[in-house]
Each structure stands twice: as C-alpha cells, then as structure tokens.
Amino acid sequence: TPPSLCLRVFAGHTGTVTSIEVVDQVTILTGSEDKSIKVWDVISGACLRTYRDHSGWVSSISITDDPYTFLSASGDKTVKMWVITAVRAVGPNEQLAQLVAGNESSRAIGTV
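Since the model is a prediction, treat every value here as computed from it, not as a measurement. (Residues numbered from 1 in each chain as written. Predicted model: local features only at pLDDT ≥ 70, side-chain atom pairs only at ≥ 80, totals over all residues. Heavy atoms only, no water.)

Visitor: What is the right way to look at the overall build of the chain in this model?
Guide: Secondary structure assignment for the chain yields zero helices and ten strands. Helices and strands appear in the chain in the N-to-C order β-β-β-β-β-β-β-β-β-β. Counting only residues that meet the buried cut, the chain has 36% of its 112 residues in that class. Intrachain contacts of the chain at a sequence separation of at least 6 include 39% that bridge at least 24 residues. Accessible surface, the chain as shown: approximately 6600 Å² in total, 54% of it carbon and sulfur. (Helix = DSSP H or I, 4+ residues; strand = E, 2+ residues; numbered from the N terminus. Buried < 20%, exposed > 50% of the residue type's maximum accessible area, 1.4 Å probe, protein only. Contact = heavy atoms within 4.5 Å. Areas by Shrake-Rupley, 256 points an atom, 1.4 Å probe, with all protein chains shown as cover.)

Structure, rendered in structure tokens:
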C-alpha cells in the first residue's frame, strides 16, 4: 500500500471543523464551531470568503441545486440560506471573476 499524501491543508478556522461541502472542482465550503463558514480555493488553498451570521456553531452545510447557493444549520437553532459572492484568485495578483454578481455582504439572504 502506498503511503498517504496530503495534497493541501486549509487552515483558518479557530474552532473544530464540523462540515465540508464540495461546490465544484476548485471550490469547497467548510463550517466550524467558530460560528463561521469559509469558502476555499482548492488550487491555492486560499480562503476566499468567510461568512459569519450564526450565533452558534455551524453543525452542517449543504449545497442546493444551484451550486452557488447553500444552506447552513447551527447550534443557534436556525437554518440559513446563503449565496457565494467570493472572488476566485487565479494567480498571485489576478482575479478571474465573481462567482455570483451582486451584494458583497457576507450575511445570510434568509433564515429558513
């Protein structure tokens, strides 16, 4: 059996990571006990955006049928719907395009 090889470390949460979702081939989401959700670039390992609107730890995240909209569940007894509005870096100083145009706020668009 060949040895395991870690390809990338995504570091930035201050609490235990409780949930992960794959958005597409180059983007993942993580939820944490630090009450935040982070959007990560798989290629660079960079955190593209941090969402903070829960008052309790994030227990679960789930992508909807639209891959740039997701839901999060929290210990604060809410489920929130979000739109990913991060900009993806494609080089040290380059930005390709916004994933979703519109409001740059990192707040939930609604509570379910």
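Visitor: Just checking my understanding: could you explain the pattern of salt bridges for this structure?
Guide: Any two side chains of opposite charge can pair if their charged atoms end up close together. One pass over the structure, following the stated rule, counts one salt bridge. Note that Asp53 is salt-bridged to Lys80, the shortest N-O span being 3.1 Å. Residue Asp53 is found in the loop between strand S4 (47-52) and strand S5 (58-63), and its partner Lys80 is found in strand S7 (residues 79-83); the two are separated by 27 residues along the sequence. (Salt bridge = Lys/Arg side-chain N within 4 Å of Asp/Glu carboxyl O.)

Visitor: Any chance you could explain unusual backbone geometry here in plain terms?
Guide: Trans is the common state for peptide bonds, and a negative phi is the common state for residues other than glycine. Within the chain, Lys35 stands out as a residue other than glycine whose phi angle is a positive 75 degrees. Its location among the elements puts Lys35 in the loop between strand S2 (27-32) and strand S3 (36-41).

Visitor: I would appreciate a short explanation of the side chain of Asp76 in the present structure.
Guide: Mapping Asp76 onto the fold places it in the loop between strand S6 (69-74) and S7. Here Asp76 is buried and forms no salt bridge, its nearest opposite-charge partner Lys80 lying at an N-O distance of 4.7 Å. Every residue in contact with Asp76, bar those within four places of it in the chain, is listed here: His54, Ser55 and Gly56. (Lys, Arg positive; Asp, Glu negative; His and termini not counted.)

Visitor: I tried to follow the nonpolar core on my own but got confused; where do I start?
Guide: What tends to happen in soluble globular proteins is that the nonpolar side chains get buried as a cluster. Membership of the largest hydrophobic core is limited to twelve residues, which are Val23, Leu29, Ile37, Val39, Leu48, Tyr51, Val58, Ile61, Ile63, Phe70, Trp82 and Ile84. Where this core is concerned, the elements lending two or more residues are S3, S4 and S5. Per-element accounting of this core gives the leading share, three residues, to S5. (Core = buried A, V, L, I, M, F, W, Y, C linked by side-chain atoms within 4.5 Å.)

Visitor: Where do I start with the environment of Phe10 in this structure?
Guide: With respect to the secondary-structure elements, Phe10 resides in the segment before strand S1 (17-24). In this structure, the C-alpha to C-alpha distance between Phe10 and Ser44, residues 34 residues apart in sequence, is 9.5 Å. When near neighbours in sequence (up to four residues on either side) are disregarded, Phe10 contacts Ile28, Trp40, Asp41, Val42 and Gly45.

Remember, this is a structural readout, not a statement about activity or role.
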